[in-house]
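What the coordinates show
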Amino acid sequence: LKDKAAVISLIFILLLVICALFPEQIAPYAYDKQDYSATFLTPSLEHPFGTDNYGRDILSRVIYGTRISLGIGLLAVAISCVIGIIIGAIAGFYGSVTDNILMRLVDIMLAIPSILLMMAIVTALGNGELNLTIAIAISSVPGYARIVRASVMTEKEKEYIEAARSVGTSDLKIIMRHILPNCMAPIIVQATMSIATAILSIASLSFVGLGISPPTPEWGSMLNDAQGFMRDHWHTVTFPGLMIMLTVFAFNLLGDSLRDAIYP
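To start, this report covers the structure provided alongside it.

Rules used throughout
Residues numbered from 1 in each chain as written. Predicted model: local features only at pLDDT ≥ 70, side-chain atom pairs only at ≥ 80, totals over all residues. Heavy atoms only, no water. Core = buried A, V, L, I, M, F, W, Y, C linked by side-chain atoms within 4.5 Å. Buried < 20%, exposed > 50% of the residue type's maximum accessible area, 1.4 Å probe, protein only. Helix = DSSP H or I, 4+ residues; strand = E, 2+ residues; numbered from the N terminus. Contact = heavy atoms within 4.5 Å. Axes fitted to C-alpha atoms, helices over the stretch in contact; angles between N-to-C directions. Left-handed = near helix turned anticlockwise from the far one by under 90°. Disulfide = S-S within 2.5 Å. Patch = residues over 30% accessible without salt bridge, like charges linked within 9 Å, V, L, I, M, F, W, Y side chains within 5 Å. Areas by Shrake-Rupley, 256 points an atom, 1.4 Å probe, with all protein chains shown as cover. Salt bridge = Lys/Arg side-chain N within 4 Å of Asp/Glu carboxyl O. Polar contact = N/O pair within 3.5 Å; in protein donor to acceptor, adjacent residues only side chain to side chain. Phe/Tyr/Trp six-rings, centres within 6.5 Å; stacked < 30°, edge-to-face > 60°.

This brings us to the nonpolar core. With 61 residues, the main nonpolar core has L132 and I136 as its most contacted residues. The element best represented in this core is helix α3 (residues 58–94), accounting for 14 residues. Discounting residues that sit within four places of it in the chain, L132 has contacts with I72, V122, I202, L205, L210, G211 and I212.

With that settled, the discussion passes to the packing of helix α5 (residues 114–125) against helix α6 (residues 129–155). α6 packs onto α5 with a crossing angle of 145° between their chain directions and a minimal axis gap of 9 Å. Two packed elements cross with a definite hand, and for α5 against α6 that hand is right-handed. Touching S114, L117, M118, I121, V122 and L125 of α5 are N131, L132, I134, A135, I136, I138 and S139, all from α6.

The next subject is the state of the cysteines. By definition, a disulfide is the covalent link that joins the sulfur atoms of two cysteine residues. This structure, assessed with the given rule, holds 0 disulfides. The thiol sulfur of C81 is not disulfide-bonded, and the nearest other cysteine sulfur, from C183, lies at 12 Å. Among the residues examined, C81 registers a relative accessible area of 13% and is labelled buried.

Here we come to unusual backbone geometry. Positive phi is not limited to glycine here, since F40 has a value of about 55°. Locating F40 in the fold gives a position in the loop between α2 (23–26) and α3. Unlike most non-glycine residues, S96 shows phi in positive territory, near 55°. Position of S96 relative to the elements: it lies in helix α4 (residues 96–111).

The next point concerns a nonpolar patch on the surface. A grouping of I11, L15, V17, I18, L21, F22 and I26 is seen on the molecular surface, where their side chains present a nonpolar patch of about 600 Å² in accessible area. Checked against the element boundaries, L15 lands in helix α1 (residues 4–21).

So, on to the side chain of T66. Residue position: T66 is located in helix α3. For T66, a relative accessible area of 1% corresponds to the buried category. A polar contact of 3.1 Å, which involves the side chain of T66, links it to the backbone oxygen of V62. Residues in contact with T66, not counting those within four places in the same chain, are L16, C19, A20, G71 and W219.

What follows is about the pattern of salt bridges. Inspection of every chain in the model, using the stated rule, returns 7 salt bridges. Here R104 and D107 are joined by a salt bridge, their closest N and O atoms 2.9 Å apart. Taken together, the residues R104 and D107, both in helix α4 and 3 residues apart, mark about one turn of the helix. A residue is classified by how much of its surface remains accessible, and R104, at 41% relative accessible area, is partly exposed. The residue R259 makes a salt bridge to D256 at a minimum N-O spacing of 2.7 Å. Taken as a pair, R259 and D256 lie in helix α11 (residues 235–262) at a separation of 3 residues, close to a single helical turn. Taking relative accessible area as the criterion, R259 reaches 38% and is therefore assigned partly exposed. Bridged by salt links that share partners, the residues R104, D107 and R146 form one connected network.

Under the defined criterion, the tally for this structure stands at 6 aromatic pairs. With a centroid separation of 5.1 Å and 85° between ring planes, the pair formed by F93 and Y94 is classed as edge-to-face. Site record: aromatic cluster; members linked through ring pairs are F49, W234 and F239.

In structure tokens form, the structure reads like this:
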């Protein structure tokens, strides 16, 4: 709370969450309502963000797009976090051959640029929210696996783990009840930062036509639709672009603040 930038970021993120949960109540128009007599209107009181080439209200589409970006981002991070924790915990706890096999697989994934890996997965599976979520989740697993592995390797050598082993506690209980709760701090920080990366990835894939298909509003696909008109109609790209920038910036600031609070 002492970090003003982090507090402002948190308020902005909460506003985004409200927009994602209640877009029908907040948006002034339906996201797919077309009005060919009102195309390319500049920002005004009636249309604060202006209208696009189909006469659709850009503010409404930005608000509805929040649900897609935040929803897919949070779900992808949750999936990658769970898988990464499982891989990292097993590798770090058992070490030896198990660690070598799992970490070499993780290294292979890290050797492939994440954007290329996501593009390959989406191309193979097809466009859509579920496939986009899977692609982002898979590409994010290595980061969690390595962080958890390092934390588990540090924790398993401590005396309280030795004490748990001495009274016959099973490996699963030691990992779940003793080690992982003490590894949550770096995982929370990584998850916060990963949401920003996931939102940027969603926008990037949608921009190149591999993400959310029209007419469903998504910030990246809105930029893709408007790129042909950006010289003459600045507002069609400015507001979706600003939303991507501000959202990613807010999550990064929040992640930095959490890291400073956890590791002062």
